[in-house]
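Chain residues, written in single-letter form:
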Amino acid sequence: MCTRDKLSRAPILSAVAAVGLFLPACADAPEGGSSDAVVFEGARVIVGDGGVIEDGVFVVEDGRFAAVGAAGEVEAPAGATHMDLAGKTVMPAIVNAHIHLASDRETRTDQLQHYAYYGQSMVVSLGLDEGDVGFQMRGEMVPDGARSQSAGRGITSPEPGRSEVPHWVTTDEEARAAVRGLAADQVDFVKIWVDDRSGQYERLSAELYGAVIDEAHANGLRVTAHVFTLEDAKGLLRAGVDAFAHGIRDMDVDDELIALWQERPNVVLVPNLPAPGVAEDMGWLAGSVPASRVELMQTNSFDRPELQEFFGIQARNLNRLSQEGITISFGTDGSSPWAAHQELADMVRTGMSPADVIVAATSASAEFVGADDLGTVAAGRSADFIVLDANPLDDITNTRMIDAVYLRGAAMDRDGLGARFRGAGQ
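Visitor: Sorry, what's going on with the nonpolar core here?
Guide: Where a protein is soluble and globular, its nonpolar side chains tend to be buried together. The biggest cluster of nonpolar side chains holds 75 residues, and the ones touching the most others in it are Val 190, Ile 192, Leu 236 and Phe 244. Considering every element that reaches this core, the biggest residue donor is helix H5 (residues 206-218), with six residues. Core analysis: the next-biggest nonpolar cluster, separate from the first, contains 19 residues, Val 45, Phe 58, Phe 385 and Ala 404 among them.

Here is the structure:
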């Protein structure tokens, strides 16, 4: 078995060049003619839809999975390069349906590369995007970077002193005009905030979010809601909301909410759990985070009963909603590129199985954001995948043991990127 241990941007490499650069001892030279196909052999393949292929084989050609199956079931193209992944586990790259990106091109590019470093192939900047950069970059394949979507500015009631980026609305017509503006920008989602911020503001009323949802649907757009209370979640379901960008945070869900949700089974939950309030080893971040910052993060990681109680409400709610068959997707909020792996572990902490959590973060999340070529290791899909040194089905924190990340069939220069990120944070 073989292993491998903001100055410039490494270009995306072809799959063959990536093989030669990063894992030379694992690759057999092509025989019988040239081909850009690479055959990856011997890994456990977590498909992303709940399936697992032991001793899997998959072919990557022209940036896509050309064939996927068990050993002996896949025919290698003539002249293909062979890559030995014995002892490794492969899973689809993660689709993160709730983050917030910077609104300037240089910083946003850096962020997309950092998200990709931690195995994310697509991210959705869910509101607070200023200007046009977020829309311009949606169609770009950033070298060594994740793809992105944007909800533009988003809509909320006035929140003076907090942020002036979202559309502030106080009337039905203002709400509808804000949606029409977002529709003109061709946003991927309409994001609304329904939260009084612990009594600081008047939250978006049912009349106003109802107008937003109605206008959005008239313009062919889906609405995802930042929500806090059980009462507001029920109101949003009655009003026709399409997704929740957070779980319910004030109390345990009740039977009425379950009944409302089951009447609208296509409504998706992106749970976005809070910190669990328990001490954690932060050493796994050393690859891209400066040592001084890792040390500070470690110092600040200790048991906090008050956070555990807050986490417990949302954990119980996620567990129940998952058991009731509600579609669970995946998102982390904020802008920490490594938070995806903490969220995976926290979702398992609620009682979900590692297998179900991986489905939520891959195929379910890809379907939710409309990324039809992401989320599974399957023929025809974009070859965006993570090579792991250990099996996350045994221990979800093994998603942090990343040996390589491939985007569109090309291996990222993780060593170079990690060094750059560490240097930028000094």
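Visitor: Please explain the packing of helix H10 (residues 339-349) against helix H11 (residues 354-369) as it appears in this structure.
Guide: How two helices sit against one another is set out by the angle between their axes and by the gap between those axes. Interhelical geometry of H10 versus H11 gives an angle of 135° and a closest axis separation of 9 Å. Classified by the angle between their axes, H10 and H11 sit oblique to one another. Regarding H10 and H11, the two cross each other, and that crossing is right-handed. Each of Leu 344, Met 347 and Val 348 in H10 lies in contact with H11, whose residues at this interface are Pro 354, Val 357, Ala 360 and Ala 361. Residue composition of the contact of H10 with H11, by class: seven nonpolar, no polar and no charged.

Visitor: Explanation requested: the layout of surface pockets in the structure shown.
Guide: Think of a ball as big as a water molecule: rolled over the atoms, this probe shows where empty space is left. Of the pockets and cavities examined, the largest pocket occupies roughly 490 Å³. Around the largest pocket, the lining is made up of 21 residues, and of these Ala 275, Pro 276, Glu 280, Met 282 and Gln 342 lie nearest the centre. The biggest single contributor to the lining of the largest pocket is H10, with four residues. Its residues assigned to classes, the lining of the largest pocket shows eleven nonpolar, six polar and four charged.

Visitor: Mind showing me how you'd approach the pattern of salt bridges here?
Guide: Opposite charge on two side chains permits them to pair, given that their charged atoms come into close proximity. Here the structure, examined in full by the defined rule, presents 26 salt bridges. In this structure, the salt-bridge partner of Asp 389 is Lys 88, at a minimum N-O distance of 2.5 Å. In this pair, Asp 389 sits in the loop between strand S17 (385-388) and strand S18 (402-407) while Lys 88 sits in the loop between strand S5 (81-84) and strand S6 (89-92), placing the two residues 301 residues apart along the sequence. Overall, the relative accessible area of 34% leaves Asp 389 in the partly exposed class. Given a relative accessible area of 4%, Lys 88 falls into the buried group. Put simply, Arg 147 and Asp 373 hold a salt bridge, and the shortest N to O gap is 3.1 Å. Residue Arg 147 is found in strand S9 (residues 147-150), and its partner Asp 373 is found in the loop between H11 and S17; the two are separated by 226 residues along the sequence. Considered together, Arg 147 and Asp 373 belong to a single accessibility category, that of buried residues. Among the ionic contacts, a cluster of salt bridges with common partners joins Asp 172, Glu 173, Arg 176, Arg 180, Asp 214 and Glu 215.

Visitor: Even after reading the chapter, I still don't get the sheet that holds strand S7 (residues 94-99), so can you show me in this structure?
Guide: Hydrogen bonds between backbone atoms are what pair the strands of a sheet, whose relative direction is either parallel or antiparallel. The sheet built from three strands is open, its strands ordered S7-S8-S9 with parallel pairing. Whereas interior strands pair on both sides, the edge strands pair on one side only; in this sheet they are S7 and S9. Each neighbouring strand pair of the sheet contributes to a mean axis angle of 15°, computed without reference to strand direction. Bridge count for S7 against strand S8 (residues 120-125) is four bridges, and the pairing is parallel. Bridging from a neighbouring strand, Val 95 pairs with Met 122 of S8. Its contacts with the sheet place helix H2 (residues 105-117) against S7, S8 and S9, and it is angled at close to 135° to S8.

Thresholds, definitions, all that
- Residues numbered from 1 in each chain as written.
- Predicted model: local features only at pLDDT ≥ 70, side-chain atom pairs only at ≥ 80, totals over all residues.
- Heavy atoms only, no water.
- Core = buried A, V, L, I, M, F, W, Y, C linked by side-chain atoms within 4.5 Å.
- Buried < 20%, exposed > 50% of the residue type's maximum accessible area, 1.4 Å probe, protein only.
- Helix = DSSP H or I, 4+ residues; strand = E, 2+ residues; numbered from the N terminus.
- Axes fitted to C-alpha atoms, helices over the stretch in contact; angles between N-to-C directions.
- Parallel < 35°, antiparallel > 145°, perpendicular 65-115°, else oblique.
- Left-handed = near helix turned anticlockwise from the far one by under 90°.
- Contact = heavy atoms within 4.5 Å.
- Nonpolar A, V, L, I, M, F, W, Y, C, P; charged D, E, K, R; others polar.
- 1 Å grid on protein atoms, 1.4 Å probe; cavity = no way out; pocket = protein on both sides within 12 Å on 5 of 7 lines; lining within 4 Å.
- Points joined across faces, edges and corners; volume = space filled by probe spheres on them.
- Salt bridge = Lys/Arg side-chain N within 4 Å of Asp/Glu carboxyl O.
- Pairing = 2+ DSSP bridges.

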